[in-house]
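Structural features, examined
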Amino acid sequence: MFNKKLIPFFMAISLLTSLPVAKYLPHHWQEKDQGFSVVYYSLVGLLLAFILYGAYGLLPSGVTPLVSAAFIVVFSIALTGAIHLDGLADATDAAYAAHSFPRGNNNEYKEKILAIFKDPRAGPMAVIALIVVVLSKMILLSELMDNLLLTLLLMMTLPRLLASCYIAITPYARAEGLAANLIKSLPKSTILLMLLTITLFFLILLPFGWFLLLFGSLCLLLLVWRSFWLKRINGFVGDCVGALIEISEVLVLFLLYLLKMP
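Source: prediction; values computed, not measured. (Residues numbered from 1 in each chain as written. Predicted model: local features only at pLDDT ≥ 70, side-chain atom pairs only at ≥ 80, totals over all residues. Heavy atoms only, no water.)

Moving on to the overall build of the chain. Check the secondary structure of the chain and you find twelve helices and zero strands. In the chain, the order of α-helices and β-strands from amino to carboxyl end is α-α-α-α-α-α-α-α-α-α-α-α. When burial is assessed residue by residue, the chain has 48% of its 262 residues classed as buried. Intrachain contacts of the chain at a sequence separation of at least 6 include 80% that bridge at least 24 residues. Counting every atom, the chain has about 13,000 Å² of accessible surface; 68% of that belongs to carbon and sulfur. (Helix = DSSP H or I, 4+ residues; strand = E, 2+ residues; numbered from the N terminus. Buried < 20%, exposed > 50% of the residue type's maximum accessible area, 1.4 Å probe, protein only. Contact = heavy atoms within 4.5 Å. Areas by Shrake-Rupley, 256 points an atom, 1.4 Å probe, with all protein chains shown as cover.)

In structure tokens:
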């Protein structure tokens with residue numbers, strides 16, 4: 001059994017990764033623990049970054065950058081249990097279907113889209129989105145192997161910090177569900193404190209121009225993503241969060257690649 005103060009952190013690990021910590025958590029916990037778990041999403045990203053970097057260190061020295069990048073991406077999928085990719089697939093299908101549904105009764109329109117999120121089948125647009133994201137990560141990461149630790153820290157931490165902020169400022173679209181209770185006890189002031197802490201950490205670590213480009217672009221993505229789903233389902237569901245993490249990981253890698261170019 002974990003120390004009670006660590007329960008929210010390990011709940012975040014259990015939710016965002018496939019690491020075997022769930023069996024050590026208590027069967028019953030307070031709603032505030034579930035809410036506080038959102039605060040630790042960025043720390044889970046830090047943990048994943050160091051695990052991936054440690055695994056990379058075990059590769060033979062002659063492995064090419066592309067193969068190394070492929071290993072890291074595949075291992076990251078294993079570490080997260082592909083939960084964010086699943087969210088990306090569902091969100092892509094829902095977003096694509098939203099354009100084909102007639103805008104009639106708002107509640108009926110919303111329920112049709114929410115039903116697609118629950119559908120376990122993946123449409124062709126979802127498959128395309130998965131292929132594009134995974135291949136993009138491999139190609140971009142292969143170009144950023146010279147400063148891999150910093151790349152992994154940014155790639156794994158910032159998207160999960162963005163997810164925490166997204167949850168904190170967006171209503172939940174369903175009356176029931178895992179996130180419904182989570183939202184009720186969400187410590188928004190603590191999330192803001194974590195946001196400021198991580199921001200200060202990277203402000204010190206990064207050149208100021210890099211910092212502005214990365215954080216400005218992610219803030220823009222957050223606003224666009226939030227607005228898109230507010231118009232369609234009046235909020236978010238868990239798949240929206242997972243998809244946001246995947247898209248922002250690609251965005252971070254792409255921006256780092258641009259910054260690396262002469």
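Our focus in this paragraph is the pattern of salt bridges. This model, assessed by the stated rule, comprises four salt bridges. The partner of Asp119 in a salt bridge is Arg121, with the nearest N and O atoms 2.8 Å apart. Asp119 sits in the partly exposed class, given a relative accessible area of 23%. The class for Arg121 is exposed, based on a relative accessible area of 62%. With its nearest N and O atoms 2.5 Å apart, the salt bridge here joins Glu249 to Lys137. Pair noted here: Glu249 is in helix H12 (residues 238–260) and Lys137 is in helix H7 (residues 124–142), with a separation of 112 residues, a long-range link. Owing to a relative accessible area of 5%, Lys137 belongs among the buried residues under this scheme. (Salt bridge = Lys/Arg side-chain N within 4 Å of Asp/Glu carboxyl O.)

The next thing to look at is the nonpolar core. By size, the foremost hydrophobic cluster in this structure holds 82 residues, and its most contacted members are Phe117, Leu154, Tyr166, Trp229, Ile233 and Cys240. A total of 15 residues in this core trace back to one element, the largest contributor, which is helix H8 (residues 148–169). (Core = buried A, V, L, I, M, F, W, Y, C linked by side-chain atoms within 4.5 Å.)

This brings us to a nonpolar patch on the surface. Where nonpolar side chains cluster on the molecular surface, the patch consists of Leu200, Leu203, Ile204, Phe208 and Leu212 and spans about 520 Å² of accessible area. Looking at the nonpolar patch, the elements with two or more residues in it are helix H10 (188–205) and helix H11 (208–233). In terms of residues, the nonpolar patch owes the most to one element, H10, which gives three residues. Looking at where Leu212 falls in the secondary structure, it is placed in helix H11. (Patch = residues over 30% accessible without salt bridge, like charges linked within 9 Å, V, L, I, M, F, W, Y side chains within 5 Å.)

The end-to-end C-alpha distance of helix H4 (residues 65–80) is 22 Å, a good match for the 22 Å that 16 residues give at a rise of 1.5 Å each. What H4 keeps buried is the set Ser68, Ala69, Ile72, Val73, Ser76, Leu79 and Thr80. All buried residues of H4 fall inside an arc of 135° around its axis, so they share one side. Two residues or fewer past H4, Gly81 is found with a positive phi of approximately 65°. (Expected span 1.5 Å × (residues − 1). Arc of directions from axis to C-beta.)

Between its first and last C-alpha atoms H10 spans 26 Å; for 18 residues at 1.5 Å apiece the expected length is 26 Å, and the two agree. Its buried side turned inward, H10 meets helix H3 (41–56), H8 and H11.

Okay, the side chain of Ser248 next. Within the fold, Ser248 resides in helix H12. Here the side chain of Ser248 touches Leu244 through a polar contact of 2.6 Å, landing on its backbone oxygen. When neighbours within four sequence positions are excluded, Ser248 is seen to be in contact with Pro159, Leu162, Leu218 and Leu221. (Polar contact = N/O pair within 3.5 Å; in protein donor to acceptor, adjacent residues only side chain to side chain.)

On to the packing of aromatic side chains. Summed over the entire model, instances satisfying the criterion amount to twelve aromatic pairs. Residues Phe9 and Tyr40 carry aromatic rings whose centres are separated by 5.8 Å and whose planes lie at 70° to one another, so their mutual orientation is edge-to-face. A residue pair is termed long-range when its members are at least 10 positions apart, and Phe9 in helix H1 (residues 7–16) and Tyr40 in the loop between helix H2 (31–36) and H3 qualify at 31 residues. With relative accessibility at 21%, the residue Tyr40 sits in the partly exposed group. Aromatic rings pair up to connect Phe117, Trp225, Phe228 and Trp229 into one cluster. (Phe/Tyr/Trp six-rings, centres within 6.5 Å; stacked < 30°, edge-to-face > 60°.)

Relative to each other, H3 and H8 sit at 155°, their axes nearing to 8 Å. On the basis of the axis angle, H3 is roughly antiparallel to H8. Classified by chirality, the crossing of H8 by H3 is right-handed. Along the contact surface, H3 presents Tyr41, Ser42, Gly45, Leu46, Leu48, Ala49, Phe50, Leu52, Tyr53 and Tyr56, while H8 presents Leu148, Leu149, Leu152, Leu153, Met156, Thr157, Arg160, Leu161, Ala163, Ser164 and Ile167. Here the contact of H3 with H8 is built from residues that sort into 16 nonpolar, four polar and one charged. (Axes fitted to C-alpha atoms, helices over the stretch in contact; angles between N-to-C directions. Parallel < 35°, antiparallel > 145°, perpendicular 65-115°, else oblique. Left-handed = near helix turned anticlockwise from the far one by under 90°. Nonpolar A, V, L, I, M, F, W, Y, C, P; charged D, E, K, R; others polar.)

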